[in-house]
Amino acid sequence: MSKIGLFYGPEGGNVDKVAKIVAEKITTKKVEVHLVKETDAEKLTEYSNIIMGISTLGKHTWSSDNSGNDWDDFLPKLNGLDLKGKKIALFGLGDHIAYADFFVDSMGDLAEAIKPTGAEMIGQVSNEGYEFNESRAFVDGKFVGLPLDEDFESDLTEERVEKWLEVILPEFE
């Protein structure tokens, strides 16, 4: 049985909640969970199957003394990392009402950071059922991963996660 590395951040918010839902719903494979703020990117090389979860911060959380988010140290370490032969699926959280012009942008940024590593991106999602204006995570007619809005559509999260897992789990070796 192959294991899945689930890497996410930040801890304690909606991404944390969804990461736990994802891990609980995967019953056919062992899931090892890692907070990106406590993990070196090199840890990704230990897994063939990887899930990553990220949130898009809104302006109301930005301030001049904000030291950044959990991904600020992790993302640059993807530079030069060889993840050829690895499969990576992403989920991202955002607010499609207040930030319709930036919906799950961080998930798109994460996908861009992963591209040079050679990993195969899986788990793209149709925009059917989503309302938003713009998103860097919407590429070639699909989201690069699973977009979720815990602020205004939390009632859809479990169903969306289950449908997404039905797609990605068979692709994991």
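Residues numbered from 1 in each chain as written. Predicted model: local features only at pLDDT ≥ 70, side-chain atom pairs only at ≥ 80, totals over all residues. Heavy atoms only, no water.

An unreviewed UniProt entry annotates the chain as Flavodoxin originating from Marinifilum flexuosum. Per UniProt, the chain carries the Function (unreviewed entry) text "Low-potential electron donor to a number of redox enzymes." Taken from UniProt, the Sequence similarities (unreviewed entry) comment for the chain reads in full: "Belongs to the flavodoxin family." (UniProt positions renumbered as here; feature names shortened; annotations may be inferred.)

Further remarks concern the overall build of the chain. Within the chain, the secondary structure is distributed over four helices and eight strands. Counting helices and strands in the order they occur from the N terminus, the chain gives β-α-β-β-α-β-α-β-β-β-β-α. Taking the principal axes of its C-alpha atoms as reference, the chain extends roughly 40 × 35 × 30 Å. In the chain, which comprises 173 residues, the proportion classed as buried is 50%. Carbon and sulfur atoms form 46% of the exposed surface of the chain, whose accessible area is close to 8700 Å². Side-chain charges of the chain comprise 18 positive and 34 negative groups, with the mean position of each set lying 6 Å from the other. (Helix = DSSP H or I, 4+ residues; strand = E, 2+ residues; numbered from the N terminus. Buried < 20%, exposed > 50% of the residue type's maximum accessible area, 1.4 Å probe, protein only. Areas by Shrake-Rupley, 256 points an atom, 1.4 Å probe, with all protein chains shown as cover. Lys, Arg positive; Asp, Glu negative; His and termini not counted. Charge placed at Lys NZ, Arg CZ, Asp CG, Glu CD.)

Bringing the nonpolar core into the picture now. Counting 53 residues, the largest nonpolar core has Ile51, Met52, Leu90 and Phe91 as its most contacted members. Leaving out residues up to four positions away in the same chain, Ile51 has contacts with Ile4, Gly5, Leu6, Phe7, Val22, Ile26, Ala89, Phe91, Trp164, Ile168 and Phe172. (Core = buried A, V, L, I, M, F, W, Y, C linked by side-chain atoms within 4.5 Å. Contact = heavy atoms within 4.5 Å.)

You can see Asn49 is positioned in strand S3 (residues 49-55). Under the relative-accessibility criterion, Asn49 is labelled buried at 0%. Every residue in contact with Asn49, bar those within four places of it in the chain, is listed here: Ser2, Lys3, Ile4, Gly5, Lys87, Phe172 and Glu173.

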